[in-house]
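Structure at a glance
Listed below, chain by chain, are the residues.
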Amino acid sequence: MGCRLCMVVGVSRHRTPRRRLFQRRRDDLIERSFRPCPACSHDVHVFADVCRHCGGELELRAS
């Protein structure tokens, strides 16, 4: 028995694009967790009392 060298080329079997089982959606919870700083307009967490970027005071507001 002789040894055979076999080369495999990476070719897709299907030409149609894959469909995902679970579609990714925009995450509303993350969007609601941040708000813009009134002084520098950077996004800050809703529970922050001081902006990391400019050091400005932030008011905690109830939603």
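The model shown is predicted, which means the values in this text are computed figures rather than measured ones. (Residues numbered from 1 in each chain as written. Predicted model: local features only at pLDDT ≥ 70, side-chain atom pairs only at ≥ 80, totals over all residues. Heavy atoms only, no water.)

Here's the deal with the overall build of the chain
To keep it simple, the criterion reads: Secondary structure elements are taken from DSSP: a helix is a run of H or I of four residues or more, a strand is a run of E of two residues or more, and numbering for both begins at the N terminus. Contact definition: two residues touch when any of their heavy atoms are within 4.5 Å. Surface accessibility in these figures is a Shrake-Rupley result with a 1.4 Å probe; residues are shielded only by whichever protein chains are displayed.
From N to C terminus, the chain includes 1 helix and 2 strands. Each helix and strand of the chain, placed in order from N terminus to C terminus, yields the pattern α-β-β. Residue pairs in contact within the chain that sit at least 24 positions apart in sequence constitute 7% of those at least 6 positions apart. Carbon and sulfur atoms make up 53% of the accessible area of the chain, which amounts to about 7,200 Å² in all.

Some words on the environment of G55
Keep this limit in mind: When accessible area is computed with a 1.4 Å probe and restricted to protein chains, residues below 20% of their type maximum are described as buried, those above 50% as exposed, and intermediate ones as partly exposed.
Within the fold, G55 resides in the segment after β2 (43–45). Take G55: its relative accessible area is 42%, and that puts it in the partly exposed class. The spacing of G55 and C40 is 15 residues in sequence and 9.5 Å in space, taken between C-alpha atoms.

A closer look at the side chain of R35
Note the threshold: This count recognises Lys and Arg as positive and Asp and Glu as negative, with His and chain-terminal groups excluded. Definition used for salt bridges: Asp or Glu carboxyl oxygen within 4 Å of a side-chain nitrogen of Lys or Arg. A 3.5 Å cut-off defines polar contacts: any pair of N or O atoms within that distance qualifies, except that in protein one atom must be a possible hydrogen donor and the other a possible acceptor, and neighbouring residues in sequence count only when both atoms are side-chain atoms.
Within the element layout of this structure, R35 appears in strand β1 (residues 34–36). For R35, which is buried and forms no salt bridge, the nearest opposite charge comes from E59, at a distance of 7.2 Å. Within the local environment of R35, its side chain forms a polar contact with the backbone oxygen of E59, the two atoms lying 2.9 Å apart.

Notes on the environment of P36
Examined against the element boundaries, P36 turns out to sit in strand β1. Setting aside its immediate chain neighbours within four residues, P36 contacts S41, H42 and D43.

Quick notes on the confidence of the model for the chain
Put simply, the rule reads: As a per-residue measure, pLDDT reflects the predictor's confidence and takes values from 0 up to 100.
In the predicted model, the chain carries a mean pLDDT of 77, and 68% of its residues have values of at least 70. Mean pLDDT across the elements of the chain bottoms out in helix α1 (residues 28–32) (76) and peaks in β2 (91).

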